[in-house]
Each structure stands twice: as C-alpha cells, then as structure tokens.
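Below, each chain spelled out in residue letters.
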Amino acid sequence: MSVDASWYMALSAVLFAIGGAGLLLRRNALVMFMSIELMLNAVNLTFVAAGRELGMIEGQVSVLFVMVVAAAEVTIGLAIIVAVFRRRATASVDELAEMRG
Amino acid sequence: MNIEFFVFALFALVAIGGGLVMVTARNPVYSAMGLLLTMFSIAVFYVLNDAHFVAAVQVLIYAGAVMTLFLFVIMLIGVDRSVEREEVIPFQRPIVIVLSVALLGMVLLAGQAAWITGRGVFSGGEINGTIETISDELFGTWMIPFLSTMFLLTIAAVGTITLAYFASQPRGAAEEGSNAESQTSDSAVRGAE
C-alpha cells in the first residue's frame, strides 16, 4: 500500500479542520494564534504533496513564501498581544469587545 | 505494507494527536507543546515528500524560532492565570464541533471530486527538494516576489518596534483615562523628536 498525495491531502484536511475548530473554540488569543499556525501548516503540507505529485518544484517555493508571511504575521500578532496585555492584563479576546484604548 | 506507509500512519496519528492536544489543553504551554509535536510530524512528511530543504526550514523556523517566540510570550504573560471564561455565545461548543465536522466532510468530498490523480499529469518527472533546485527557482523565476518579502519583513520589524515603543510610553498614565494617555504619548513623540 503506497502513500500517494491523496493521503496527505486528507491528513491536511483533518489538520485544517482541527485548527479551525481551535480558532472558534478557544478564547485565549495565544491559542487562537497557534490554531492559525496549524491551519497554515496544513496548507503547506498540501502544497508539498501536490508539488511532488505533479513533479513541480513550485509547491516547495510557495511553502517558503508562506513561511515568510507567517513569520511576519506571528511577529506582529504577538507584539499586539503583548501590548494589549500591558494595557488590560488579559489575553482573552472576550475582554476586547470594544475598540477603545 | 511498506515502510513509507508505516511512517506516514505513525506520524499522522502523532500530528492529529498534537493538534487535538493544542485545541483542548487548558494550559497554553501544553498547547504550544502539542503544536510543536504537529510541526515536527509535518517536517517528517516533508522528508517523505522529497522536500528536504523545506523540512529543514520547518524545523529551524517553525519548531525553533516561532515556537520559542510563542513560549516566550506565554511565559511573559503568565501561565498560571486562567483566562478561559464561561461561554459568551450560547451552545458555542456544539455549534463549533458540528461546523468543523461539516467543513472536514465538505473538503474531503470536494477533494474526491477534484483530486489530483496520477503522477505527471502536467509536467511530470521526479523532483528533489535540495537547496540547489529550490534556489534555482527562487532566484530565477521568483526573484521579484522574493525581494518583496524583504519589504514585508522590514515592515513587520518596524511595526513590532513601534508597537513595543508606543505601548510602553503611556505606562502609569493609564489610570487617568484615555485623553491624558494620548497627550502623554504625544509629548513622548515630541520628546523623542
């Protein structure tokens, strides 16, 4: 039984659904960020698997670009979380219902 | 039952278990550890898919740098603080579980309809994800997008410094209300100039 790309696609779908569920379930901003990272990783896995199946190197190149964007996003997001925590002493998104400094 | 299938099944279980631990753990440190497990498993899948350089980058950047940053912020904010409150939206958990299962089912169904099948439908051939192959593509065809990521990272660095600087300036004035706070930050800007 050989492992072809559809197995990786199915696994990525499962990981993506887990990440989406975590994003909707949790109220901690840090855990929500981790869920977004999990979803990005699941999509990266589909890129690499499809790139091998189609014989194209562009899948792996796209993964590198996604990683760069994710790194920038994590940097900004964690800076925002730390800034909010300094002001509000909480990381729960329920406390941030109004856009007031 | 070859070795590739065995490795895939083992690390698929590890990845899914890590994801579930990340979602369900009360302590954010356990969530980070679950995500770390999933990221290592995905690096193993990259190796199975002949993407050796991407696997190395995954371990270095994600499991190394990004997770260290996450753990640092978790430790900075405090791990013993329980910020999970009761549900604000009624029936949130059942709705989320139903929606996630529906999303998974729809993605799998759509994948069966439009699944890529067979090797070499478009260009074909084996690929190997060495540094040489990837850099040929990256510094040839994708030179302009690669350079624009430089701007993206610069913007991210400047934004982080700005957030850290201006969030730390009005400290102590937070009790006096937002009006005094903005004045303090304005005078801080003038003082910096």
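Along each chain, the written sequence defines residue order, and numbers are assigned to residues from 1. Chains carry letters from A onward and ligands carry numbers from 1 onward, assigned in written order. Under the rules for a predicted model, residues below a pLDDT of 70 receive no local features and side-chain atom pairs below 80 are neither given nor counted, while totals for whole chains, interfaces and linings still include all residues.

**Some remarks on the overall build of chain A**
Put simply, DSSP marks the helices as runs of H or I at least four residues long and the strands as runs of E at least two long, and each gets a number from the N terminus on. Scanning chain A from N- to C-terminus turns up 3 helices and 0 strands. Scanning chain A from its N terminus toward the C terminus, one meets helices and strands in the order α-α-α. In this setup the radius of gyration rests on C-alpha atoms only. A globule is expected at 2.2 Å times the number of residues raised to 0.38. For chain A, whose C-alpha radius of gyration is 17 Å, the value lies well above the compact-globule estimate of 13 Å for 101 residues. For the exposure call, what matters is how many other C-beta atoms sit within 10 Å of a residue's own: 20 or more marks it buried, 12 or fewer exposed, and in between partly exposed, using C-beta atoms placed from the backbone. Looking at chain A residue by residue over its 101 residues, the buried ones come to 50%. Here the contact rule is simple: place C-beta atoms from the backbone, and any two residues whose C-beta atoms are within 7 Å are in contact. Look at the contacts in chain A between residues 6 or more apart in sequence, and 50% of them connect residues 24 or more apart.

**Looking at the overall build of chain B**
Within chain B, the regular secondary structure consists of 7 helices and 0 strands. Each helix (α) and strand (β) of chain B, taken in turn from the N terminus, gives the series α-α-α-α-α-α-α. Split into buried and exposed, the 193 residues of chain B put 20% on the buried side. If you take every contact in chain B between residues at least 6 apart in sequence, the share linking residues at least 24 apart comes to 45%.

**Some remarks on the interface of chain B and chain A**
Counting from both sides, the interface comprises 77 residues of chain B and, opposite them, 70 residues of chain A. For the side of chain B that touches chain A, the elements supplying multiple residues, two or more each, are helix 1 (3-24), helix 2 (28-48), helix 3 (52-77), helix 4 (92-113), helix 5 (131-138), helix 6 (143-168) and helix 7 (178-192) of chain B.

**Thoughts on the nonpolar core**
A general trend in soluble globular proteins is that nonpolar side chains are found buried together. For the purposes of this analysis, a nonpolar core is taken to be any set of buried Ala, Val, Leu, Ile, Met, Phe, Trp, Tyr and Cys residues that are connected through C-beta atoms within 7 Å. Counting 59 residues, the largest nonpolar core has A:Leu30, A:Met34, A:Val48, B:Tyr46 and B:Val54 as the members making the most contacts within it. Mapped onto this core, the elements with two or more residues apiece are helix 1 (5-25), helix 2 (29-54) and helix 3 (58-88) of chain A together with helix 1, helix 2 and helix 3 of chain B. By residue number, the principal contributor to this core is helix 2 of chain A, which donates 12 residues. With sequence-adjacent residues up to four places away left out, A:Met34 is seen in contact with B:Met22, B:Ser31, B:Ala32, B:Leu35 and B:Phe70.

**Looking at the confidence of the model for chain A**
For every residue, the predictor reports its confidence as pLDDT, a number between 0 and 100. Mean pLDDT over chain A works out to 86, with 93% of the residues at or above the 70 mark. For chain A, helix 3 of chain A is the element with the lowest average pLDDT, namely 89, and helix 2 of chain A is the one with the highest, namely 91.

**Some remarks on helix 1 of chain B**
Take the number of residues in a helix, subtract one, and multiply by 1.5 Å to get its expected span. With 22 residues, helix 1 of chain B extends 32 Å from end C-alpha to end C-alpha; this agrees with the ideal 32 Å at 1.5 Å per step. For helix 1 of chain B, the set of buried residues is B:Phe8, B:Phe11, B:Ala12, B:Ala15, B:Gly18, B:Gly19, B:Met22 and B:Val23. Seen along its axis, helix 1 of chain B keeps its buried residues to an arc of 135°; they face one direction. Exposed residues on helix 1 of chain B whose side chains face more than 90 degrees from its buried face are B:Ile3, B:Phe6, B:Leu10 and B:Leu13. Taken together, the buried residues of helix 1 of chain B touch helix 1 and helix 2 of chain A together with helix 2 of chain B. Each direction from the helix axis to a C-beta atom contributes to the arc, which is the arc of those directions.

**Quick word on the packing of helix 2 of chain A against helix 3 of chain A**
All names here are of chain A. Fitted lines through C-alpha atoms serve as axes, helices being fitted only where they are in contact, and the angles separating the N-to-C directions of these axes extend from 0 to 180 degrees. For the pair helix 2 and helix 3, interaxial distance at closest approach is 9 Å and the crossing angle is 175°. By the angle between their axes, helix 2 is roughly antiparallel relative to helix 3. Contact residues: helix 2 offers Ala29, Leu30, Phe33, Glu37, Leu40, Asn44, Phe47, Val48, Ala50 and Gly51, while helix 3 offers Glu58, Gly59, Gln60, Ser62, Val63, Val66, Ala70, Val74, Gly77 and Ile81. Residue polarity follows a fixed list, in which Ala, Val, Leu, Ile, Met, Phe, Trp, Tyr, Cys and Pro are nonpolar, Asp, Glu, Lys and Arg are charged, and the others, Gly among them, are polar. Of the residues that constitute the contact of helix 2 with helix 3, the class distribution is 12 nonpolar, 6 polar and 2 charged. Angles are sorted into four bins: roughly parallel if under 35 degrees, roughly antiparallel if over 145, roughly perpendicular if 65 to 115, and oblique for all others.

**Structural notes on the packing of helix 1 of chain B against helix 2 of chain B**
Residue and element names in this part refer to chain B. In contact at an axis separation of 7 Å, helix 1 and helix 2 are set at 155° when each is read in the N-to-C sense. In terms of orientation, helix 1 lies roughly antiparallel with respect to helix 2. Crossing of helix 1 over helix 2 shows left-handed handedness. Counting all contacts with helix 1, which are made through Glu4, Val7, Phe8, Phe11, Val14, Ala15, Gly18, Gly19, Val21 and Met22, the residues of helix 2 involved are Tyr30, Ser31, Gly34, Leu35, Leu37, Thr38, Ser41, Ile42, Val44, Phe45 and Leu48. Across the contact of helix 1 with helix 2, the residue classes tally to 14 nonpolar, 6 polar and 1 charged. Crossing handedness is read from the near helix: turned anticlockwise from the far helix by less than a right angle, it gives a left-handed crossing, and turned clockwise, a right-handed one.

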